[in-house]
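# Structural overview
One-letter residues, chain by chain:
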Amino acid sequence: MKIEDAIKSTVIMENSKKAVLNIIYTQNVINEHFNEILKPFDLSGEQFNVLRILRGQKGCPANMCVIQERMLAKTSNTTRLVDKLLLKELVTREVCPENRRKIEVLITAKGLALLAELDPKVIDHENKFAQNLSSEELEQLNILLEKFRNQ
């Protein structure tokens, strides 16, 4: 479906505007489907992102700055996200012994188990959106998106 049809626009648009609208619209479609996967687990996309970052630490704690740097949505309130994950017992939070101003966050076994359960669902989600593209087209899309984003 063309972006004009999706947003029911009859106005002729410049290709630059069309590209931006396509990216925003596509992001929203992907996020809506992704949120449906996370909903039964009472998890937001941002919380899921924090858990994946912490799993990537391979057993080493991460401080709030490291988590924030690696977040997909840089505007996320990392402290609030970690607090919610703490309440769900998916992470632990400790004061760094060398620097008491630093907070170290570590994923728990429960958090790892949740990610292990979600992994196949997330892979299916990603594959569903990629199924209409060849591997060469996916590679080209990644190159174009990176080129578009890196001004």
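With that out of the way, let us pick up the packing of aromatic side chains. Applying the stated criterion across every chain, the model contains one aromatic pair. The interplanar angle of 70° and the centroid separation of 5.3 Å between the aromatic rings of Phe 34 and Phe 48 together place this pair among those described as edge-to-face. Linking Phe 34 in helix 2 (residues 15-38) with Phe 48 in helix 3 (residues 45-55), this pair joins segments that are 14 residues apart in sequence. Each member of the pair, Phe 34 together with Phe 48, is buried.

In this structure the tally under the stated criterion is five salt bridges. With its nearest N and O atoms 2.9 Å apart, the salt bridge here joins Lys 18 to Glu 4. One end of the pair, Lys 18, is in helix 2; the other, Glu 4, is in helix 1 (residues 3-6), with 14 residues separating them in the sequence. On the accessibility criterion, Lys 18 (24% relative accessible area) is partly exposed. A residue is classified by how much of its surface remains accessible, and Glu 4, at 17% relative accessible area, is buried.

Read across the sheet, three strands follow the order 1-3-2 without closing on themselves; strand pairing throughout is antiparallel. Bordering the open sheet on either side are strand 1 (62-63) and strand 2 (91-95), each of which pairs with just one other strand. Across five bridges, the pairing between strand 2 and strand 3 (residues 103-107) is antiparallel. When the sheet's bridge partners are listed, Arg 93 is paired in strand 3 with Val 105. Each of strand 1, strand 2 and strand 3 touches helix 3; the most contacted strand, strand 3, lies at about 90° to it.

Procedures and definitions
- Residues numbered from 1 in each chain as written.
- Predicted model: local features only at pLDDT ≥ 70, side-chain atom pairs only at ≥ 80, totals over all residues.
- Heavy atoms only, no water.
- Phe/Tyr/Trp six-rings, centres within 6.5 Å; stacked < 30°, edge-to-face > 60°.
- Helix = DSSP H or I, 4+ residues; strand = E, 2+ residues; numbered from the N terminus.
- Buried < 20%, exposed > 50% of the residue type's maximum accessible area, 1.4 Å probe, protein only.
- Salt bridge = Lys/Arg side-chain N within 4 Å of Asp/Glu carboxyl O.
- Pairing = 2+ DSSP bridges.
- Contact = heavy atoms within 4.5 Å.
- Axes fitted to C-alpha atoms, helices over the stretch in contact; angles between N-to-C directions.

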